[in-house]
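Listed here are the chains, written in short residue letters.
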Amino acid sequence: AVSAKVTVGAENDREARTIVGAIVARTSGISTGYEFGICHTSTESYVRLYDRTAGKELARNNDITLEMGKEYLLTMVCEGNVITCYVDGVMVFTVTDDTNPSGTAGLRTIGTVYLDDFAVSTPEYAARLVRDVPKTGDTQGNMIPLFGSMFAVSGIVLIAIVIVWRRSKETEKI
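Residues numbered from 1 in each chain as written. Predicted model: local features only at pLDDT ≥ 70, side-chain atom pairs only at ≥ 80, totals over all residues. Heavy atoms only, no water.

## Side note on the overall build of the chain
- For the chain, the helix and strand inventory stands at one helix and 15 strands.
- Of the contacts formed within the chain by residues at least 6 apart in sequence, a portion of 60% connects residues at least 24 apart.
- As presented, the chain carries roughly 8,200 Å² of accessible surface, and 49% of it is formed by carbon and sulfur atoms. (Helix = DSSP H or I, 4+ residues; strand = E, 2+ residues; numbered from the N terminus. Contact = heavy atoms within 4.5 Å. Areas by Shrake-Rupley, 256 points an atom, 1.4 Å probe, with all protein chains shown as cover.)

## Structural notes on the pattern of salt bridges
- Inspection of every chain in the model, using the stated rule, returns seven salt bridges.
- With a shortest N-O distance of 3.0 Å, Lys5 and Asp117 are connected by a salt bridge. A residue pair is termed long-range when its members are at least 10 positions apart, and Lys5 in strand β1 (residues 2–8) and Asp117 in strand β10 (residues 112–120) qualify at 112 residues.
- By relative accessible area, which is 16% here, Lys5 ends up buried.
- A salt bridge links Arg108 to Glu35; the shortest N-O distance between them is 3.3 Å. Separated by 73 residues along the polypeptide, Arg108 in strand β9 (residues 104–110) and Glu35 in strand β3 (residues 34–40) bring together distant segments of the chain.
- Note on Arg108: relative accessible area 13%, which makes it buried. (Salt bridge = Lys/Arg side-chain N within 4 Å of Asp/Glu carboxyl O. Buried < 20%, exposed > 50% of the residue type's maximum accessible area, 1.4 Å probe, protein only.)

## Remarks on the packing of aromatic side chains
- If you walk through the whole model with that rule in mind, you get one aromatic pair.
- Between Phe36 and Phe93 the ring centres are 5.8 Å apart and the planes differ by 85 degrees, which places this aromatic pair in the edge-to-face class. One end of the pair, Phe36, is in strand β3; the other, Phe93, is in strand β8 (residues 90–96), with 57 residues separating them in the sequence.
- Since its relative accessible area comes to 0%, Phe36 is described here as buried.
- When its relative accessible area of 9% is taken as the criterion, Phe93 is described as buried.
- Its guanidinium or amino end placed over the ring of Tyr46, Arg60 lies 3.7 Å from that ring's centre, counting from NZ or CZ. (Phe/Tyr/Trp six-rings, centres within 6.5 Å; stacked < 30°, edge-to-face > 60°. Lys NZ or Arg CZ within 6 Å of the ring centre and 35° of its normal.)

## With respect to unusual backbone geometry
- Its identity is not glycine, yet Arg26 carries a phi of approximately 55 degrees, on the positive side.
- Secondary-structure assignment places Arg26 in strand β2 (residues 19–27).
- For Asp88, which is not a glycine, the phi torsion comes out positive at approximately 50 degrees.
- Residue position: Asp88 is located in the loop between β7 (82–87) and β8.
- What makes Asp88 partly exposed here is its relative accessible area of 31%.

## Some details on the nonpolar core
- By size, the foremost hydrophobic cluster in this structure holds 31 residues, and its most contacted members are Ile23, Phe36, Val47, Leu49, Met76, Cys85 and Phe93.
- Look past the residues within four positions of Phe93 in its chain and what remains in contact with it is Phe36, Val47, Arg48, Leu49, Ala59, Arg60, Asn61, Ile83, Thr84 and Cys85. (Core = buried A, V, L, I, M, F, W, Y, C linked by side-chain atoms within 4.5 Å.)

## Concerning the environment of Gly80
- As for its position among the elements, Gly80 is in the loop between β6 (71–79) and β7.
- Owing to a relative accessible area of 54%, Gly80 belongs among the exposed residues under this scheme.
- Along the backbone, Gly80 and Asn100 are 20 residues apart, and their C-alpha atoms lie at a distance of 9.8 Å.

## Regarding the environment of Thr65
- By secondary structure assignment, the location of Thr65 is in the loop between β5 (56–61) and β6.
- For Thr65, a relative accessible area of 63% corresponds to the exposed category.
- Between the alpha carbons of Thr65 and Tyr46 there is a distance of 7.9 Å; along the sequence they are 19 residues apart.

Listed below in structure tokens is the structure:
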């Protein structure tokens, strides 16, 4: 599972361009993997799951109210071929897809985006994290925080990180 607190733009940042703040899972390069993020355009705001490998949108939710400059906790849980996405602990969609069976985790931005508490975890711990949203600062168990303080990113960024750890007697690559 991958999660991060994402703030897209600011109230005074409304322009005719698209602003995106996303977490990425199962990537092996800049144009692969699953991207779950918040998108703001001059006419709409929505969350979507995008398959960067196939170049297609897998799911979109326009029904969620999103505000420019507000922080949201995005969580993407990948278990086998099932990808479940959450905003502030509320499931927004579940998709079944086999395109990207493994890979690393990262972040993607277009425009001004603030990112905080980027973390990679086991699906079991992510379920607890989603259930206990107010406790997002809790880093016990299998949660691995990679960035502990807020930072701002402007432009297009993809940070691919390989996290490997032992659980039971096997090594898992997330």
